[in-house]
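# Fold and geometry: a report
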Amino acid sequence: MNRRTFVALSTSAVGLTPWYSHASFFNDPPKPAWLKEWVKINDQRLESYQKYRITDAASQAYGGCMDGNDIPNPHSTADFIKRASLALSNRESAYYHSADLMSQVGLALKFLLKIQHEDGTIDLLETNFHSTPDTGFIVKRLAMAYKQLAASNASGLEKILPDFKSFLVRGGEALKVGGIHTPNHRWVVSAALTKLNELWPNPAYVARIEEWLAEHIDMDADGQYNERSTYIYSPLTNRLLITTAKGLKKPELLAFVRRNLNMTMYYVHPNGEIVTEASGRQDKALIGTMESYYYAYRYMALLDNNGQMAAMCRLIENTAAMRQAEFLDYMLDDSFLWKELPASKPLPTNYAKEFLGSGVVRIRRENWDSTLFTNNAAWLTFHKGNAVLQGMRVAASFFGKGQFQSEKIEKEGNSWVLKSKLEGPYFQPIAKEEIAADGDWEKMPKSKRRQSEIQYLESIVRITENNNGLEVDIQMQGTDGVPVSLELIFRTGGVLSGVINHPTKEKAYLLAAANGTYQLKGETITFGPGKALHKNVQLRGALAAVDAPTVYLTGFTPFKHTIRIS
């Protein structure tokens, strides 16, 4: 769930009175069973908004919706309007043509207009103000909701559609001229303008889209977008590019979507989660499933008659079914997506593959997989079904900078190798002509001083597949006697065996025995042998411990140890 989903979904609420009507039953195109179920799920989530609606007519925010911190805001309000519009427009909903809900939407739209700035923008109250990108996020989704609602023939539309259109058109004025922050914001704005142009054609909308598209799509040779945000912004960008490609008849944009979807097949863990640790955005290292990719995989599977993409759809259906309904508006917007998927073709489940642009190596052997990372202190993960080693880290007490990470991964024979080399110098008196008359230390920097007694720490991590798992060989040498701490960070919820509780630290364990195990949901990860030569697991200069069960191996330089994981 991304930062724009403000409302924490709750259980049932009061205030909505269903009104059933079947007047247009035989005029509606038939929906597949799964889409009808999505409509019902939308009803459930719509009901949860009732506790966040502001119903006090004396309130400045009357009609709006609050977030979980009781702050009225445009995003929660817009999401309510979107969900309510879809419910009002689809006969499978318990709130189809509901007069009560129609009235609530009208009040919400008046609040949204009230807080919309004169330039057409809205605020993301947690960080962005007068924000064109956040206006784009809202306009894009509400334009689809408007289309559904306008075609619904519901009683009372004449009272709310003018306000609805006013908000969208005013937002379009901002989108025509406003700036952005991030790479994906260009495509957010472009997709929002595309949807507006479908409703109310405007050459200025198209001209602005062309300005952004002229910068080209930010994709590397592997098929990943610049932000490497596999849980949030990569799937978002796929949806945005499809929207723009369809609306402006630019099929060339779909080539980027295909490439990203093909690459993403190699980023899937055996339990249906996705690799997030290489992300450059707020989803870095989050536990994420694949629901946000469903629309793009379904669209491309149908467009290209692609069996692998159809298989990805079915994988997502099996692992993230309830979350898919967050994209009901996308599915209702285009009945092409209602067609039956083509037959599945096998997905890649047995490979070792490097993604240079992201600094990632992916190894998967059916029910287990491992990911290696550059420029990341947690340089290895290992998944075996639902049992997860979230990260392996190693550090030394070396001049406050001994947390290991590598700038690159090199293939040497059958092994993947990560390296780093550190220096720890001391500094001599500064040259006489450089001495500051006032004795100010900052005016006599180390860069101008001769170094002496330089200490060195060279670290090499070598990862090799072996016996249905990995051998991780760690060597740290140079200056002798430096304390070393190796961390195995496991996912919360499992059971550890063969380890010793650390005497003073919670969720910390030492491995001195030959092997330890971690069990979760019927899956077992085995690791060892151990090494426990000291108990100083939180070294000076190392990253703080993660709030998760962590097994430590400890020693001193020259440190050489091979740990096996399977």
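As the structure is a prediction and not an experimental result, all values here were calculated from the model.

## Some points on the overall build of the protein chain
Of the regular secondary structure elements, the protein chain holds 13 helices and 19 strands. Out of the 566 residues in the protein chain, the part that is buried amounts to 56%. The long-range fraction of contacts in the protein chain, counting pairs at least 24 apart against all pairs at least 6 apart in sequence, stands at 69%. For the protein chain, the computed accessible surface area is about 24000 Å², with 50% contributed by carbon and sulfur atoms. For the protein chain, the separation between the mean place of its 64 positive charges and that of its 60 negative charges on side chains is 3 Å.

## Side note on the pattern of salt bridges
Scanning the model with the defined rule gives 33 salt bridges in all. The partner of E273 in a salt bridge is R491, with the nearest N and O atoms 2.9 Å apart. Of this pair, E273 sits in the loop between α9 (254–264) and α10 (294–304) while R491 sits in the loop between β12 (483–490) and β13 (495–497), placing them 218 residues apart in sequence. Neither E273 nor R491 differs from the other in exposure class; each is buried. Between K443 and D438 there is a salt bridge, with its nearest N and O atoms 2.9 Å apart. With relative accessibility at 47%, the residue K443 sits in the partly exposed group. Relative accessible area serves as the criterion here: at 51%, D438 is assigned to the exposed category. Here the salt bridges share partners, and the residues they tie into one network are R45, D79, K82, R83 and E326.

## Remarks on helix α3 (residues 99–115)
Across its 17 residues, α3 extends 25 Å between first and last C-alpha, which sits within 8% of the 24 Å expected from 1.5 Å per residue. Residues of α3 that are buried include every one of L101, M102, Q104, V105, G106, A108, L109, F111, L112 and L113, and no others. Backbone nitrogen of D100 and a side-chain oxygen of the N-cap are separated by 3.4 Å at the start of α3; the cap is S98.

## Section: the side chain of T77
Tracing the backbone shows T77 in helix α2 (residues 74–89). Judged by relative accessible area, which is 0%, T77 ranks as buried. In contact with T77, not counting residues within four places along its chain, are G64, C65, A108, F111 and L112.

## With respect to the pairing of strand β10 (residues 451–465)
In terms of strand pairing, strand β9 (residues 415–427) meets β10 through 12 bridges, oriented antiparallel. Each residue of the ladder has a partner; that of S420, found in β10, is S459. From the end of β10 to the start of strand β11 (residues 470–478), which pair antiparallel, there are four residues, and N467 there has a positive phi angle of about 50°.

## Looking at the sheet that holds strand β16 (residues 516–520)
The eight strands are arranged β8-β9-β10-β11-β19-β17-β16-β13 in an open sheet whose pairing can be described as antiparallel. Of all the strands in the sheet, just β8 (409–412) and β13 have a single pairing partner and so form its edges. Taking each pair of neighbouring strands and ignoring which way they run, the sheet shows an average axis angle of 20°. Bridging between β10 and β11 involves nine bridges; their strand directions are antiparallel. Along β11, the bridge assignment pairs V461 with I474.

## Side note on the side chain of K82
Looking at the secondary structure, you find K82 in helix α2. The exposure class of K82 is buried, given its relative accessible area of 5%. Those residues within four positions of K82 in sequence are excluded, and the remaining contacts are R141, L142, A145, E326 and D329.

## Let's talk about helix α8 (residues 233–247)
In a regular helix each residue adds 1.5 Å, so 15 residues correspond to 21 Å; α8 covers 21 Å between its end C-alpha atoms and thus fits that length. Where α8 terminates, the next one or two residues include K249, which has phi positive at roughly 55°.

Basis of the calculations
Residues numbered from 1 in each chain as written. Predicted model: local features only at pLDDT ≥ 70, side-chain atom pairs only at ≥ 80, totals over all residues. Heavy atoms only, no water. Helix = DSSP H or I, 4+ residues; strand = E, 2+ residues; numbered from the N terminus. Buried < 20%, exposed > 50% of the residue type's maximum accessible area, 1.4 Å probe, protein only. Contact = heavy atoms within 4.5 Å. Areas by Shrake-Rupley, 256 points an atom, 1.4 Å probe, with all protein chains shown as cover. Lys, Arg positive; Asp, Glu negative; His and termini not counted. Charge placed at Lys NZ, Arg CZ, Asp CG, Glu CD. Salt bridge = Lys/Arg side-chain N within 4 Å of Asp/Glu carboxyl O. Expected span 1.5 Å × (residues − 1). Polar contact = N/O pair within 3.5 Å; in protein donor to acceptor, adjacent residues only side chain to side chain. Pairing = 2+ DSSP bridges. Axes fitted to C-alpha atoms, helices over the stretch in contact; angles between N-to-C directions.

These figures come from the coordinates and say nothing about function on their own.
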